[in-house]
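The chain contents come next:
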Amino acid sequence: MVTPSTNARRAGPATGSRSFLSRLRDGDEVARLLTLLFAAAVVLITVAIVYQLWADSALSRHKFGWKFFFSSVWDPVFDQFGALPFIYGTLVTSAVGLCLAVPLGLGAAIFLSELAPPKVSDTLTFFIDLLAAVPSVIYGLLGVFLLVPLMRENIQPFLKAALGFLPLFSGPAYGLGFLTAGIVLAVMILPFIISVSREVLLSVPREQREAALALGSTRWESAWKVVVPFARTGIFGSIFLALARALGETMAVTMVIGNTPKIAASLFAPGYSIAAVIANEFTEATGDLYLHALIELGLVLFLLTFILNGLARLLILLTERRGAEVRA
Amino acid sequence: MTARLLWRKGLSAVMLTLTGVCALLALSLLFFILGYLVYHGGRSVNWDFFTKLPAPVGEPGGGMANAILGSAKLLLLASLIGVPIGFFGGVYLAEFGGRTAGFFVRYAADLLNGTPSIVIGIFAYALLVLPFKHFSTFAGAFALGIMMIPITLRSTEDFLRSVPRELREGALALGASKWRAIASVVIPAAYRGILTAVLLAVARVAGETAPLLFTAFSNRFWSPGWNQPTASLPVMIYTYAVSPYEDWHRQAWAAGVVLLALVLLINILARTVLARGVSVPRQ
């Protein structure tokens, strides 16, 4: 309860310089310290994650040094660990995913922000957000039983016939492999690209569009030559955000990439990714060096997504600030 | 000139139609996934699925009752770990936080939000599995709980900040101390938004598989207490889907239907019923 005496004290002019003890009695200081404790826990957990990844990969870091990133030998029996095939697989599948998802996502975002009436746009975005909520293991399930056979029987033979002269589309069609994993990733990151890009496009001031239209441009020209360039940095931000998701994606990729630590030029070939090898081998890792090598892979993954997320946030912030500035 | 104009107008029409096709394609993906899953798994969702333990390897039949209970336990404990940290941390950011401290907390939360789930699994493994030498429900829930923190924290902060200043000042003017104003005026005004965010966080971790693989692991039987490995729906889907048995594949589809229904239901509930009038945070 608030007593009259504390009330009177608070009403006085010296409110700002109340003693620590009296604030403690009001409960304000207690509340502040209590919530501070929880806020500090967030920082603590984050720091602990980084520290643990660093400390528990020490054996592998010391033994292999930079060679870890350039060696493609992954042989637990002889304690030889090189990360190159996994880094390659992660980058290739993410690149395939982006190549497929960015045009599609950007197109859909332009439709939602420039063409669709606000009500329709909001409803469609609601469904897109639901698509983003589908768990990755469900995508893996569909990948294994629907996409892999489809790739093996139909899509890969077709691509081979049409584009087989490129090394990218050569070799036997297993169904499992980089291309399949990339397609699954594309589906998974599509909703993120759409909803973030749409937001960024909507933050472009109305006057920009109206000026373009008033000068006689068509609606497409206003969208593509004025609105999209204005929001360019933010769109890149959304792409980076999606890329960070793709790099860290585990289950869906593990289920369709083929889990073979090899570097191959063909997208049809089976491969491996950083997250997939951690998922598959972590519980079976016998020996400290093996475990430390896997944790070092986790560290690499963490750093990659850390850098990308930072860049993405910066770019989105810059665009939204620019929109606000022009408007003001 | 007219030819040029015609070309531009034609291009505009074609390209705008294409953007519509893109949107339609993205949307149809959702309904295709839903439809395909229900078509393949719907038949296998039966009473046994919810009430029976997995059958011994090689025998057909059985269900996933233990995995359903396991998932429920994991989500409950994860919420008990993640929600208080996120909620009170968010209260700190919105109401008490200074600039420097606020920056660090926000930065840490963003970092946590972007951290791949498998990395959080490694962390939980090193902290709670390795020292005790066995997998446990608790370790799995700890990993999921960490994943719930950033969403809860940032949304709590956002929703508290969006409470009109006048409400706060009204309470203070009536003589309430700051924490009373927060607890009895500001938080009640923002609770719908915060609850929405918490539900979305639960939905997000409900489908997480990667951090459970080496924390909660799996179990073909009931998992009494909190200190033993436990089965969970997502991990069951994974194990069953990559197994060589036809009957397990069938059950993986059934589990997929149940999991997706759960996740989408929470999402729809949170976004439509609770979130009426509040803007839903993006995950």
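Since we're looking at a predicted model, the values are computed, not measured.

Participant: With reference to specific residues and values, describe the overall build of chain A.
Facilitator: Helices and strands together make up the secondary structure of chain A, namely 15 helices and two strands. Relative to its length of 328 residues, chain A is extended, with a C-alpha radius of gyration of 26 Å against a globular reference of 20 Å. Oriented by its inertia axes, the alpha-carbon framework of chain A measures out at about 85 × 65 × 35 Å. A buried classification covers 50% of the 328 residues belonging to chain A. For chain A, long-range pairs separated by at least 24 residues make up 77% of all intrachain contacts whose partners lie at least 6 apart in sequence.

Participant: Can you tell me about the overall build of chain B, naming the residues and giving the values?
Facilitator: Across its full length, chain B carries ten helices and zero strands. Taking 19 Å as the expected radius of gyration for a compact globule of 283 residues, we find that chain B reaches 24 Å, considerably beyond that expectation. With the C-alpha coordinates of chain B rotated into their principal frame, the extents come out at 70 × 70 × 35 Å. A burial count over chain B gives 51% of its 283 residues as buried. Residue pairs in contact within chain B that sit at least 24 positions apart in sequence constitute 73% of those at least 6 positions apart.

Participant: Go over the nonpolar core with me, naming the residues and quoting the values.
Facilitator: The biggest cluster of nonpolar side chains holds 199 residues, and the ones touching the most others in it are A:V184, A:I189, A:I193, A:A242, A:V256, A:L297 and B:I237. Among the elements that line this core, the one with the most residues is helix 9 (residues 178–202) of chain A, at 17 residues. The residues that make up this core include at least three from each of domain 1 (20–55) and domain 2 (67–327) of chain A. The residues touching A:V256, leaving out its near neighbours within four places in the chain, are A:G140, A:G143, A:V144, A:L147, A:V148, A:L176, A:T180, A:A181 and A:V184.

Participant: So what's going on with the interface of chain B and chain A? Residues and values would help.
Facilitator: Chain B puts 70 residues into the contact, and the matching count from chain A is 70 residues. Per-element accounting of the side of chain B that touches chain A gives the leading share, 18 residues, to helix 1 (residues 2–41) of chain B. For the side of chain B that touches chain A, the class distribution of residues is 51 nonpolar, 13 polar and six charged.

Participant: Before we move on, can you summarise the environment of A:L241 with the specific residues and values?
Facilitator: All names here are of chain A. Within the secondary structure, L241 sits in helix 12 (residues 232–248). Given 23 C-beta atoms within a 10 Å radius, L241 is considered buried. Once you skip the residues sitting within four places of it in the chain, L241 turns out to touch F192, V196, N309 and A312.

Participant: Before we move on, could you go through the domain arrangement of chain A and cite the residues and values that matter?
Facilitator: Accessible area lost on assembly of the parts is the figure often given for the size of an interface. Its domain assignment divides chain A into domain 1 (20–55) and domain 2 (67–327). Each of domain 1 of chain A and domain 2 of chain A has a C-alpha centre, and the two are 36 Å apart.

Participant: Describe in detail unusual backbone geometry, supporting the description with residues and values.
Facilitator: Negative phi values dominate among residues other than glycine, just as trans dominates among peptide bonds. Residue and element names in this part refer to chain B. If you check the backbone angles, K133 has positive phi at about 65 degrees while not being a glycine. Position of K133 among the secondary structure elements: in the loop between helix 5 (117–129) and helix 6 (137–161). C-beta crowding within 10 Å serves as the criterion here: with 6 such atoms nearby, K133 is assigned to the exposed category. One non-glycine residue with positive phi stands out, namely F217, at about 55 degrees. Along the chain, F217 falls in the loop between helix 8 (178–206) and helix 9 (233–241). Here F217 falls in the buried class, since 22 other C-beta atoms lie within 10 Å of it.

Participant: Before we move on, could you go through the packing of helix 7 (residues 118–133) of chain A against helix 9 of chain A and cite the residues and values that matter?
Facilitator: Residues and elements named next belong to chain A. Here helix 7 crosses helix 9 at 140 degrees, and the two axes come no closer than 8 Å. With respect to helix 9, the axis of helix 7 lies oblique. The two elements helix 7 and helix 9 cross, and the hand of that crossing is left-handed. Between helix 7, through T125, I128, D129, L131 and A132, and helix 9, the contact on the second element is made entirely by P191, F192, I194, S195 and R198. Its residues placed into classes, the contact of helix 7 with helix 9 shows six nonpolar, two polar and two charged.

Participant: Hey, could you go over helix 3 (residues 65–96) of chain B for me, with residue numbers and the actual values?
Facilitator: Here helix 3 of chain B contains 32 residues, and its C-alpha end-to-end distance of 45 Å stays within 8% of the 46 Å for a straight helix at 1.5 Å per residue. Roughly 25 degrees is the biggest bend found in helix 3 of chain B, and it falls at B:S79.

Participant: Which residues make up the environment of B:A201, and what are the values?
Facilitator: Residue and element names in this part refer to chain B. In this fold, A201 is placed in helix 8. Spatially, the C-alpha atoms of A201 and V119 are 18 Å apart, while their sequence positions differ by 82 residues. In contact with A201, not counting residues within four places along its chain, are G82, M148, I151 and T152.

Participant: So, the confidence of the model for chain B: which residues are in play, and what are the values?
Facilitator: Residues and elements named next belong to chain B. Model confidence for chain B is summarised by a mean pLDDT of 90, while 96% of its residues fall at 70 or above. Summarising per-element confidence for chain B, the mean pLDDT is lowest in helix 2 (residues 47–51) (89) and highest in helix 3 (95). If you check the scores for this complex, the pTM reads 0.90 and the ipTM reads 0.91.

Participant: Can you break down the packing of helix 8 of chain B against helix 10 (residues 246–274) of chain B residue by residue, with the values?
Facilitator: Residues and elements named next belong to chain B. Contact geometry of helix 8 with helix 10 gives a least axis separation of 9 Å together with a crossing angle of 170 degrees. With respect to helix 10, the axis of helix 8 lies roughly antiparallel. You can see that helix 8 and helix 10 cross each other, and the crossing is left-handed. Residues R192, L195, T196, L199, L200, V202, A203 and A206 of helix 8 form the contact with helix 10, whose own contacting residues are L262, V263, I266, N267, L269, A270 and L274. Counted by class, the contact of helix 8 with helix 10 contains twelve nonpolar, two polar and one charged residues.

Participant: Please provide a residue-by-residue account of the environment of A:L59, values included.
Facilitator: Residues and elements named next belong to chain A. For L59, the position within the fold is in helix 4 (residues 58–64). We classify L59 as partly exposed; it has 17 C-beta atoms within 10 Å. Not counting the four nearest positions on each side in its chain, L59 is found in contact with D288, L289 and H292.

Participant: Could you give me a rundown of the confidence of the model for chain A, with the residues and numbers involved?
Facilitator: Residue and element names in this part refer to chain A. Across chain A, the average pLDDT comes to 88, with 92% of residues at 70 or higher. Mean pLDDT across the elements of chain A ranges from a minimum in helix 1 (residues 4–11), with 41, to a maximum in helix 6 (residues 84–115), with 95. Considering only residues more than four positions removed or in separate chains, one finds that residues 1–15, a stretch of pLDDT under 50, has eight contacts.

Reading the values: the criteria
- Per chain, the residues get numbers from 1 upward, laid out in the order the sequence is written.
- Whichever chain is written first becomes A and whichever ligand is written first becomes 1, with later ones labelled in order.
- Where local features are concerned, this predicted model is filtered to residues with pLDDT of at least 70; where side-chain atom pairs are given and counted, the filter is 80 or more; whole-chain, interface and lining totals use all residues.
- Helix numbering and strand numbering both begin at the N terminus, where a helix is a DSSP run of H or I of at least 4 residues and a strand a DSSP run of E of at least 2.
- Atoms considered for the radius of gyration are the C-alpha atoms alone. The globule rule reads 2.2 Å times the number of residues to the power 0.38.
- Put simply, a residue is buried when 20 or more other C-beta atoms lie within 10 Å of its own C-beta and exposed when 12 or fewer do; between those, it is partly exposed, and each C-beta is set from the backbone.
- Residues are scored as being in contact if the C-beta atoms we place from backbone atoms lie within 7 Å.
- Note on terminology: a nonpolar core is a set of buried residues of type Ala, Val, Leu, Ile, Met, Phe, Trp, Tyr or Cys, with members joined through C-beta atoms within 7 Å.
- Domain ranges listed in this record stem from an automatic or a database domain assignment.
- When residue character is reported, Ala, Val, Leu, Ile, Met, Phe, Trp, Tyr, Cys and Pro are called nonpolar, Asp, Glu, Lys and Arg charged, and the others, Gly included, polar.
- To obtain each axis, a line is fitted to C-alpha atoms, and for helices this fit is confined to the stretch in contact; angles are then taken between N-to-C directions over 0 to 180 degrees.
- For classification purposes, an angle smaller than 35 degrees is called roughly parallel, one larger than 145 roughly antiparallel, one from 65 to 115 roughly perpendicular, and anything else oblique.
- Crossings are assigned a handedness: left-handed for a near helix turned anticlockwise from the far helix by less than a right angle, right-handed for a clockwise turn.
- Residue count minus one, scaled by 1.5 Å, sets the expected span of a helix.
- Note that the bend at a residue is defined as the angle between axes fitted to the seven residues ending at it and the seven residues starting at it.
- Per residue, pLDDT captures the predictor's confidence, and it can take any value from 0 to 100.

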